[in-house]
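Architecture and fold: a report
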Amino acid sequence: MSDPVIKRALVSVSDKTGIVDFCRELSLLGVEVFSTGGTLKTLQDAGIAAASISTITGFPEIMDGRVKTLHPKIHGGLLAVRENPDHVNQANENGISFIDLVVVNLYPFEATVAKPDVTFEDAIENIDIGGPSMLRSAAKNNESVTVVTDSADYALVLQEMRNNNGATKRETRLALALKVFELTSRYDRAIASYLAGAQHEADSSMTVKLERELDMRYGENPHQSAGLYRLTDENGTRSFSDYFEKLHGKELSYNNMLDIAAAVSLIEEFRGEEPTVVIIKHTNPCGVAQAPTLAEAYRRAFSTDTQAPFGGIIAFNHPLDMEAATAVNEIFTEILIAPAFEDGVLEMLMKKKDRRLVRQTSALPKGGWEFKSTPFGMLVQERDSKIVTKEDLTVVTKRQPTEEEVADMMFAWKICKHIKSNTILYVKNRQTFGVGAGQMSRVDSSKIARWKASEVNLDLHGSVVASDAFFPFADGLLAAAEAGVTAVIQPGGSIRDNEVIEAADANNLAMVFTGMRHFKH
C-alpha cells in the first residue's frame, strides 16, 4: 500500500517545546489540527487554527480534564484498519473520521514524584490515562498512523511530509511506534515503583533497555569484545553523550570508560568548591588535592604518588587554565576531563595526539540504580550517593577535633567512598598523603598508605585518617597513631568500638563516627 497522507492531527502535549512551530507548519501543509485543554489554548493564542477535540467527540471535557479523549470517535479514528472494508463501513456508519497523526507526551509523573515535597495526591493526579491510551492505539495502527512523543522528531516528520506529498515513510512510523511502547513501558513501571514504595528499595521486577552507543576496540583485555550501551530504566535514559564531549585523541576504551566514571564521580563531590584535582589510576584515586589554584591543586595531588599518575586520568572541577595545563603536560596522561578549557589550552594539549581530552557538559545524575552483572544474575542497588555533613558527625573521644581536623576529615570522607575496600586514607591540609586500597586486611591497607607516603617523603604527622568501614580491632587505629595522625573518621559500629575509642583516648586522638559505611567492591 502507499503511505497514507496526513490530513488530520490530534495534538495534546504536557511539554509544549516546539509545538507551536510544529503545528503552524502542519497547518501550512493543509493538516486539520485538533487539540485539548492547555495545548489548544497555546495554539489558538499563537494564531493557529486548531479546533477543540470536543468537535470530534460531540462531548465536553469533564472531570477536570480527566475524561476528554477516551471516546470511540477518537480511538475508532486511530484504530480503524484503512484497508479493511468492514472497518471503513463501520467508521462511516458511526460518524468516525480517521486520525492520521497523534502528537502526545505524557503528564510529568517521574518529575513530579522526584520532588522532595510531593504529596501522594499530586503523584496520582500526574498519572496520565488518556495520553498512553491514544499513544498505544496510534502505535498499534502504525501502518496508517504516525505517532510522535518527542519534540526532537518534529523536524523529521515535517521533512518527510514535504518530501512525500504529506505522508511519512513506513519505516519512520514503525520506529516512532517503537518509541511509544518504550515510553509507556517505562512510564507504567515508574508508577508501579512509586506505588510499591520502590523509591527506597528495588522493586520485584525491573525493565531495563540497553542500546549500543559506542563500539570499544576490546574489553578489559584484548581477547574480550565490548561496547558502551545507553541505559534506559525507571530513571530515564542515560548515555555517555548526555554528559561528555570527546574533543581530541584516540577512541575511548572499555577501561577508559571505567576510569572516567571513577574520576567524574569523585570530582563531583567537590562541585562548586575551590579548585580541586583528582588523579585516577585503575579506578582508584592515587592523588586528590584542593588549593587556591588548579595548578597548585594538581601539583599537590601529583605529589601524593609521583609514579602512578603516568598514564592516568585527571579530572578538574574548574575550567582548565594554561598554568595547570602546562604543569599537567609535563607527564603523559591518558585522559584529561574538565568542565571547560580556557583559551589556548586545547591547542597546546592537542599536540600530544594520543591523549584524550574530554569536556564534561553536565553533572552526572544523583541517585538511581547501579547494576552489576554476575554469571548467575544481575545485582541491583541504590547508588552510594548519601552525603555526610559536619552535623552528622559524632565525636566519641575525650578530645574534640579542631576546625582544621574536621575540614580534613570531611575532605577525606568524600574521597574514601570512591576507593576500593579495604580503604585507609591519610589526608593533610586538603591533600591526600597516603592511599591504601583494595587489601584483604585493613592493617595491610594502612601499611601500604604509610609506605606510599614515605616513598615521596610526605610526613604523616598532623594528618587525619579515614577508614571506609569500622576498625574491627584497635591495631588499625594504633598503626595510624604511630604514623602521627591526630584525628580519625570512621563509621563506627564494631563490637569492639569501646576498645578502639580507649586506644584513641590513650593517644590523645580525636575520633568521629559517621554512622555510614562506604564499602566499594
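Attention in this report is confined to the structure presented alongside it. (Residues numbered from 1 in each chain as written. Predicted model: local features only at pLDDT ≥ 70, side-chain atom pairs only at ≥ 80, totals over all residues. Heavy atoms only, no water.)

**Thoughts on the overall build of the protein**
- Counting its regular elements, the protein contains 19 helices and 22 strands.
- Residues classed as buried in the protein amount to 48% of the 521 residues present.
- Considering only contacts within the protein whose residues lie at least 6 apart along the sequence, 56% involve residues at least 24 apart.
- If you sum the accessible surface of the protein, you get close to 24,800 Å²; carbon and sulfur atoms cover 52% of it. (Helix = DSSP H or I, 4+ residues; strand = E, 2+ residues; numbered from the N terminus. Buried < 20%, exposed > 50% of the residue type's maximum accessible area, 1.4 Å probe, protein only. Contact = heavy atoms within 4.5 Å. Areas by Shrake-Rupley, 256 points an atom, 1.4 Å probe, with all protein chains shown as cover.)

**A word on the pairing of strand β11 (residues 284–290)**
- With seven of seven residues buried, β11 is to be regarded as a mostly interior element.
- Where strand β10 (residues 276–281) and β11 come together, six bridges link them in antiparallel fashion. Bridge pairing links isoleucine 280 to proline 285 in β11.
- Here β10 folds back onto β11 in antiparallel fashion, the turn holding two residues, of which histidine 282 has a positive phi close to 55 degrees. (Pairing = 2+ DSSP bridges.)

**A short note on the pattern of salt bridges**
- Using the criterion set out here, one finds 25 salt bridges in the structure.
- Salt-bridge contacts for arginine 24 lead to aspartate 21; the nearest nitrogen and oxygen are separated by 3.2 Å. Note that arginine 24 and aspartate 21 are positioned in helix α1 (residues 19–28) at a spacing of three residues, about one turn of the helix.
- A salt bridge links glutamate 268 to lysine 366, with the shortest nitrogen-to-oxygen separation between them at 3.6 Å. Here glutamate 268, found in the loop between α12 (254–267) and β10, pairs with lysine 366, found in the loop between β14 (356–360) and β15 (369–374); they are 98 residues apart in sequence, far enough to count as distant. (Salt bridge = Lys/Arg side-chain N within 4 Å of Asp/Glu carboxyl O.)

**Points about the side chain of aspartate 259**
- Residue position: aspartate 259 is located in helix α12.
- Here aspartate 259 is buried and forms no salt bridge, its nearest opposite-charge partner lysine 420 lying at an N-O distance of 8.3 Å.
- Setting aside residues no more than four positions away along its own chain, aspartate 259 makes contact with Ile280, His282, Thr283 and Ile313. (Lys, Arg positive; Asp, Glu negative; His and termini not counted.)

**Observations concerning the sheet that holds strand β13 (residues 335–338)**
- Taking strand neighbours across the sheet as the criterion, the six strands line up as β9-β14-β13-β12-β10-β11 in an open arrangement whose pairing is mixed. Edge strands, defined here as strands with exactly one partner in the open sheet, are β9 (244–248) and β11. Between one strand axis and the next, the sheet turns through 20 degrees on average, direction left out of account.
- Examined bridge by bridge, β9 and β14 share four bridges and lie antiparallel to one another. Directly across from glutamate 245, in β14, lies its bridge partner arginine 359.
- Packing against the sheet, α12 makes contact with β9, β10, β11, β12 (313–316), β13 and β14, and its axis sits at approximately 150 degrees to β10. (Axes fitted to C-alpha atoms, helices over the stretch in contact; angles between N-to-C directions.)

So far we have only geometry, and geometry alone does not tell us how the molecule works.
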